[in-house]
Amino acid sequence: MQRSFYRLLASRLSLAALVIALALGGAVYLYEMERVDDAVVELAMREAHAFAALDGEALARPGAPLDERLKVFLAAREHGPDGHFVFAEAYDADRKPLGEASRGDVGAVEAAFDRNAHPFPADGRAHYDKVTLDGRLYLRVLTDLPAGAFSGFFEGIFEVAPERLARIRESVLGTVAIVVAVVAGTTLFLLPIVISLNRHLVTLSGRLLRANVEILEVLGGAIAKRDSDTSQHNYRVTLYAVRLAEALGLGGAAIRALIKGAFLHDVGKIAISDAILLKPGKLTAEEFTVMKTHVEHGIDIVSRSRWLDDAASVVGGHHEKFDGSGYPRGLSGTAIPMDARIFAVVDVFDALTSRRPYKEPMAFDTAMAIVADGRGQHFDPTVVDAFARIAGELHERFAASDDDELRAMVLAATARYF
């Protein structure tokens, strides 16, 4: 069970690491691409200002034709190591075109940009947008061009050199890979620490659980000793109840509640005086009325603990009868909780086959006959039928066992569910 838990823990940590790595890697990728954009825009702006520096006088002359100068500039910078402009256009301060030039057929590249959108900068910062065509990255940059007496704007489409783009992608992917590796390495480093801490927690939880089960045993045994001078009744009914619940297909949570209720079903008898509880003869009507209050006392006791509150269905329902003639609430049929219907059968059976201060143990066949007679009246028929199929084997195994043997078997049974 622990191995499967640690496998589950490892898989969940791995999944969490993967999600974190993807999220963080994606964030780093976007951040790095933003930095790349800034670097490329800065590169394009340097190229634009280089043009302004070379042709500042021509730009300053009103109506100066710039088409040829732009062509010469584009041709001279075509083999730049980081990229080059494939299209350039200059504007004056009134945003009127002064000239334009291109290198080769850039119609498809121009079409990819919205040529009608001219976000002329008014804040001293360049404006840009970008597209990727056939694996090549293009940026359209529009920036102001202060050049001596001239003040205007430069618009260009800059193609990033494939080698530079490859280096950029390698750098970005390398950074993302480092982030993912750090997350994975951190997870691998933390996994044994988490497992070690979890083992310590499981050990402490196991000790606490065993302490709780021991308290169940001690408290139930203390009440049983008032009634019969032995804990055997609690041990046997717990074993009978667990086996019967398994035969009926109850789940783990229901069986855990049944075990608690089996140990504590008579806990309310702590409030009943010995004169009534240990009376060897038949109780009077008034005495029986007092005896029946042990159910309410028991519910009050277990309801004070969140860990024990699921035992209330057995504590409060094990004296109810299938036909509605039981107490304290007169429940009938399936209104009686299933674990209480199970316990009612095994409790009566063990009471019949056990020695008490006021009676000798009854023979197995006689006790089963009484249980069968209560089918449909006292007991749930389905539960009686299931118990009849296993009662002989269980009685033979448990009836003659002493306290130590029964206790060992109870602890083994409870260990499967707690």
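Everything that follows concerns the structure shown earlier in this document.
Conventions we followed
- Residues numbered from 1 in each chain as written.
- Predicted model: local features only at pLDDT ≥ 70, side-chain atom pairs only at ≥ 80, totals over all residues.
- Heavy atoms only, no water.
- Axes fitted to C-alpha atoms, helices over the stretch in contact; angles between N-to-C directions.
- Helix = DSSP H or I, 4+ residues; strand = E, 2+ residues; numbered from the N terminus.
- Left-handed = near helix turned anticlockwise from the far one by under 90°.
- Contact = heavy atoms within 4.5 Å.
- Expected span 1.5 Å × (residues − 1).
- Buried < 20%, exposed > 50% of the residue type's maximum accessible area, 1.4 Å probe, protein only.
- Polar contact = N/O pair within 3.5 Å; in protein donor to acceptor, adjacent residues only side chain to side chain.
- Phe/Tyr/Trp six-rings, centres within 6.5 Å; stacked < 30°, edge-to-face > 60°.
- Salt bridge = Lys/Arg side-chain N within 4 Å of Asp/Glu carboxyl O.

J.: How do you make sense of the packing of helix α12 (residues 338-353) against helix α13 (residues 364-373) when you look at a structure like this?
T.: Any two packed helices are characterised by how steeply their axes cross, that is the angle between the axes, and by the distance between the axes. Closest axis-to-axis distance for the α12/α13 pair is 9 Å, and the angle between their directions is 145°. In this structure, α12 crosses over α13, and the sense of that crossing is right-handed. In this structure, α12 contributes V345, F349, L352 and T353 to the contact, and α13 contributes F364, A367, M368, I370 and V371.

J.: Looking at this structure, how should I read helix α14 (residues 381-398)?
T.: Taking 1.5 Å per residue, 18 residues should reach 26 Å; α14 reaches 24 Å between its end C-alpha atoms and fits that length. Of the positions making up α14, those classed as buried are P381, V383, V384, A386, F387, I390, A391, L394, H395 and F398. Buried-residue contacts for α14 involve α6 (232-247), α12, α13 and α15 (403-415). For α14, the N-terminal cap is D380; the gap from its side-chain oxygen to the backbone nitrogen of T382 is 3.0 Å.

J.: Quick question: what am I supposed to make of unusual backbone geometry here?
T.: A negative phi angle characterises most non-glycine residues, just as the trans form characterises most peptide bonds. The omega torsion across Y327 and P328 is 10°, close enough to zero to call that bond cis. A positive phi angle, close to 70°, is found at R95, a residue other than glycine. Among the structural elements, R95 can be located in the loop between β1 (83-91) and β2 (97-102). Unusually for a residue other than glycine, D134 sits at a positive phi of about 55°. Here D134 lies in the loop between β3 (127-133) and β4 (136-147).

J.: Explain the packing of aromatic side chains to me, please; I cannot follow it from the model alone.
T.: The geometry of an aromatic ring pair is captured by two quantities: the separation of the ring centres and the angle between the planes. Under the criterion given, the structure shown has nine aromatic pairs. Look at F85 and F158: their rings are 5.1 Å apart centre to centre, the planes differ by 80°, and that puts the pair in the edge-to-face class. Placement of the pair is F85 in strand β1 and F158 in strand β5 (residues 150-160), with a sequence separation of 73 residues. Judged by its relative accessible area of 3%, F85 falls in the buried class. In this structure an aromatic cluster arises from ring pairing among Y240, F349, F364, F387 and F398.

J.: What is the right way to read the pattern of salt bridges from this model?
T.: Side chains that differ in charge, positive against negative, can pair when their charged atoms come close. Going through the model one piece at a time under the given rule, you end up with 13 salt bridges. Across the pair R243 and E393 runs a salt bridge whose closest N-O atoms are separated by 3.6 Å. In this pair, R243 is assigned in helix α6 and E393 in helix α14, connecting sequence segments 150 residues apart. We classify R243 as partly exposed; its relative accessible area is 24%.

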